[in-house]
Amino acid sequence: MSNLNSADVVVIGAGVTGALLATRLAKTGKSVLLLESGPRMGRDQLVERFRSSAFKSDFMAPYPYSPLAPHPRYTPEPNGYLQQKGPHAFNAQYIRMFGGTSWHWAAQLWRYVPNDFRQHSLYGVGKDWPISYDDLEDYYYQAEVIAGVGGSPESGSPRKHPFPMERVPASWLQQRVTARLAPEFTVLDDSTGRNSRNYDGRPACCGNNNCMPLCPIDAQYHGGLAAQQAEDSGVKVITEAVVYRLEHDEKGRIAAAHYYDWNKVSHRITAQTFVLAANAIETPKLLLMSISDRFPQGIANARDNVGRNLCDHPAIGVSFDVDEEIWPGRGPVSPCSIGQFRDGDFRAEHAPFRIDISNASQVAAVTKEVVAEGYFGKRLEEQILFRAARRLSIKNALEQLPDRNNRVTLGDKKDELGLPVPALYWNVDDYVIKGTEQTRACYDAIAAKLGATNIKHSKSGAFSNRQHITGTLSMGLDPATSVTDAWGRAHDHENLFMVGTGVMPTVGTCNVTLTAMALALRTADKIIEESRHA
């Protein structure tokens, strides 16, 4: 049995990947201790916080914030937690609390396409993974069953089994856009962990159109459910536990994790195996803080690879008014997308991309717009109705190539526990710029097919983050160019594993959580296998 000072396995980070791994280990009889830097809060409390918030469009607004375990915030003003040092701001959003960042998502659970795993071999750019799509296919399905994923089988990712969930019925917006863009553009159901029927104790989606920042009825899967399942499976959980240093022994094995509670009392936890599951920014920060005489650059960083190759999907968007009423705002906020540009020989020249079609309500945005234009009275009401019924917003997910210069380091500012904040350097190269040009051409073609007026492209040269943070703990076969091996084990420390999106060498063109979930389950099986032969 675990106690509060030791366990067979200590997992740091109670997000979806750490929770899934912890659950699997606990079910084999291992004692598992799960440390989470943030607090615990229930869905009912979060829903109430959302309803009382003045910032409905801010996906972070419902979630608790503490300067003792800070995370980035941008509303009403940026809190400056992430120090920006590059030519482009990397405005990451993530949550430090029980359940992690997937509390505020649209449950997009996509598989990579097979060629994403051998990008360099096929196209001469990016990196090859140390594993193939086939190595992950079974784990993809296991993760889909856990989350209850449904979607289009024509997504470009081959399947041995059908989706465990039927799709949520298409909204009127999806039906009209699908019909009018064909055959030039093929609109597909997104792969989502969202219920179309009661599943695993969760109800079917009833169309609140509130997937982000929070599904009020738990119709979609998220890390809060995963973390609770871990605890229900016997995992010991300590929240408000900010791990600030990993300690190693004379052989280089990790011997203990040190954390501060929110009274800044330090605690030392020992284990046979340690798993880092914070996220792709907080985990490298912890490794870089864990310096010693033997490892002066930090744990797992003997070759200066920790924190490098920071990637996201740099995104551009467009909005316009369609020449018919499409009524966004009923059903899921992200129901469908265009995936035909995710792979092809063009990847040798420019970034591939996927185009997301939003079904989010436009009422708040167009109201702000028409008020600014000076409308009032009856004309104001007419314009809100007219534009909100026709407004279509779309954005893309462009693949960014790994670049060693894009990285997470330690900032010179400190938080209230005296720990350094993350510093980020992020640039966008010509590969992305060329992909952006292709995306804009697609946007214009889509707008033309929908009879668009009032077309507004995002500012040229500006990119938004999609919050798909990858690469900073990249797995690989060569320790000279990677942080972990093909199982997520640190090259430098045999009892230290890492899970989450940071271990992914490339970011692909889809949301990254399903791949991280599959990798975490695979890492859990590796730990179990090795312990049986120990």
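Up top you'll find the structure we're talking about.
Remember, predicted model here, so these are calculated numbers, not experimental data.

On to the overall build of the protein chain, then. Tallying secondary structure elements over the protein chain gives 11 helices and 16 strands in all. Relative to a compact globule of 534 residues, whose C-alpha radius of gyration would be 24 Å, the protein chain shows 23 Å and is just as compact. Out of the 534 residues in the protein chain, the part that is buried amounts to 61%. Roughly 20,400 Å² of accessible area belongs to the protein chain as shown, and the carbon and sulfur atoms make up 50% of that amount. Across the protein chain, the mean location of the 57 positive side-chain charges is 2 Å away from that of the 59 negative side-chain charges.

A separate point is the sheet that holds strand 14 (residues 420–425). Across the sheet, 3 strands lie side by side as 3-14-13; this open sheet has mixed pairing. Two strands in the sheet have a free side with no partner beyond their single neighbour: strand 3 (83–84) and strand 13 (407–414). Strands in contact with helix 7 (residues 282–289) are strand 13 and strand 14; relative to strand 13, the strand with the most contacts, it is inclined by about 70 degrees.

With that out of the way, let us pick up the pairing of strand 1 (residues 6–12). Most of strand 1 is tucked away, with 5 of its 7 residues classed as buried. Where strand 1 and strand 8 (residues 266–276) come together, 6 bridges link them in parallel fashion. Note that in strand 8 the partner of Val-10 across the bridge is Phe-274. As defined by bridge partners, strand 1 adjoins strand 2 (residues 32–35) across 4 bridges and the pair is classed as parallel.

On to the state of the cysteines. Each disulfide consists of a covalent bond between the sulfur atoms of two cysteine residues. For the structure shown, the criterion picks out 0 disulfides. The thiol of Cys-311 is unpaired, and the distance to the nearest cysteine sulfur, on Cys-510, comes to 14 Å. Under the relative-accessibility criterion, Cys-311 is labelled buried at 0%.

Another aspect to go through is the packing of helix 1 (residues 16–26) against helix 6 (residues 223–232). Angle between the axes and distance between the axes: these two values describe a pair of packed helices. Put simply, helix 1 and helix 6 touch, their axes get as near as 8 Å, and they point 25 degrees apart. Considered as vectors, helix 1 and helix 6 are oriented roughly parallel to each other. Of the two elements, helix 1 crosses helix 6, and the hand of that crossing is left-handed. Residue-level inspection shows Val-16, Ala-19, Leu-20, Ala-22 and Thr-23 of helix 1 in contact with helix 6, the latter providing Gly-223, Ala-226, Ala-227, Gln-229 and Ala-230. A breakdown of the residues in the contact of helix 1 with helix 6 according to their chemical character gives 7 nonpolar, 3 polar and no charged.

Take helix 1 next. For an α-helix, the turn length of 3.6 residues means that residues three or four places apart are oriented alike. Across the 11 residues of helix 1, 10 count as buried, placing the element largely inside the fold. Listed in full, the buried residues belonging to helix 1 are Val-16, Thr-17, Gly-18, Ala-19, Leu-20, Leu-21, Ala-22, Thr-23, Leu-25 and Ala-26. The elements touched by buried residues of helix 1 are strand 1, strand 2, helix 4 (133–147), helix 6, strand 8 and helix 11 (513–532).

Now for the sheet that holds strand 11 (residues 353–357). In space, the 6 strands of this open sheet follow the order 4-10-11-12-9-15, with antiparallel pairing throughout. With one partner strand each, in any of the chains shown, strand 4 (187–189) and strand 15 (453–457) form the two edges of the open sheet. Going across the sheet, the axis of each strand differs from the next one's by a mean of 25 degrees, ignoring polarity. Across 5 bridges, the pairing between strand 11 and strand 12 (residues 391–398) is antiparallel. Residue pairing across strands places Arg-354 opposite Ala-397, the latter belonging to strand 12. Docked against the sheet, helix 5 (residues 172–181) engages strand 4, strand 10 (336–338), strand 11 and strand 12, running at close to 145 degrees with respect to strand 4.

On to the packing of aromatic side chains. Counted by the stated rule, this structure contains 9 aromatic pairs. Relative to Trp-426, the ring of Phe-90 lies with its centre 4.9 Å away and its plane at 85 degrees, an arrangement referred to as edge-to-face. Residue Phe-90 is found in the loop between strand 3 and helix 3 (119–123), and its partner Trp-426 is found in the loop between strand 14 and helix 10 (430–449); the two are separated by 336 residues along the sequence. Take Phe-90 and Trp-426: they sit in the same class, and that class is buried.

When you tally the buried positions in strand 9 (residues 317–321), you get 5 out of 5 residues, the bulk of the element. Alternating residues of strand 9 divide into Gly-317, Ser-319 and Asp-321 and Val-318 and Phe-320, and every residue in both groups is buried. Alignment of strand 9 against strand 12, held across 5 bridges, turns out to be antiparallel. In the sheet register, Gly-317 faces strand 12, and the bridge partner there is Lys-395. Bridge count for strand 9 against strand 15 is 3 bridges, and the pairing is antiparallel. Counterpart to Ser-319 in the pairing with strand 15 is Lys-456.

Our next topic: the environment of Phe-117. On the secondary structure map, Phe-117 appears in the loop between strand 3 and helix 3. Look at Phe-117 and you get buried, because its relative accessible area is 3%. Residues contacting Phe-117, with those up to four places away along its chain left out, are Tyr-112, Asp-128, Trp-129, Ile-131, Ser-132, Tyr-133, Leu-136 and Tyr-140.

This part is about the pattern of salt bridges. Counted according to the given criterion, the structure contains 33 salt bridges. The partner of Glu-137 in a salt bridge is Arg-111, and the shortest N-O contact between them spans 3.0 Å. Of the two residues, Glu-137 is situated in helix 4 and Arg-111 in the loop between strand 3 and helix 3; the sequence distance between them amounts to 26 residues. The structure contains a network of salt bridges with shared partners spanning Asp-321, Glu-369, Glu-373, Arg-387, Arg-391 and Lys-456.

Structurally, Ala-348 is set in the loop between strand 10 and strand 11. Residue classification places Ala-348 among the partly exposed positions, given a relative accessible area of 33%. Remark: the alpha-carbon pair of Ala-348 and Val-125, spanning 223 residues in sequence, is separated by 6.4 Å. Dropping the residues within four chain positions of it, Ala-348 is found in contact with Tyr-123, Val-125 and Tyr-431.

Reading the values: the criteria
Residues numbered from 1 in each chain as written. Predicted model: local features only at pLDDT ≥ 70, side-chain atom pairs only at ≥ 80, totals over all residues. Heavy atoms only, no water. Helix = DSSP H or I, 4+ residues; strand = E, 2+ residues; numbered from the N terminus. Rg over C-alpha atoms; globule rule 2.2 N^0.38 Å. Buried < 20%, exposed > 50% of the residue type's maximum accessible area, 1.4 Å probe, protein only. Areas by Shrake-Rupley, 256 points an atom, 1.4 Å probe, with all protein chains shown as cover. Lys, Arg positive; Asp, Glu negative; His and termini not counted. Charge placed at Lys NZ, Arg CZ, Asp CG, Glu CD. Pairing = 2+ DSSP bridges. Contact = heavy atoms within 4.5 Å. Axes fitted to C-alpha atoms, helices over the stretch in contact; angles between N-to-C directions. Disulfide = S-S within 2.5 Å. Parallel < 35°, antiparallel > 145°, perpendicular 65-115°, else oblique. Left-handed = near helix turned anticlockwise from the far one by under 90°. Nonpolar A, V, L, I, M, F, W, Y, C, P; charged D, E, K, R; others polar. Phe/Tyr/Trp six-rings, centres within 6.5 Å; stacked < 30°, edge-to-face > 60°. Salt bridge = Lys/Arg side-chain N within 4 Å of Asp/Glu carboxyl O.

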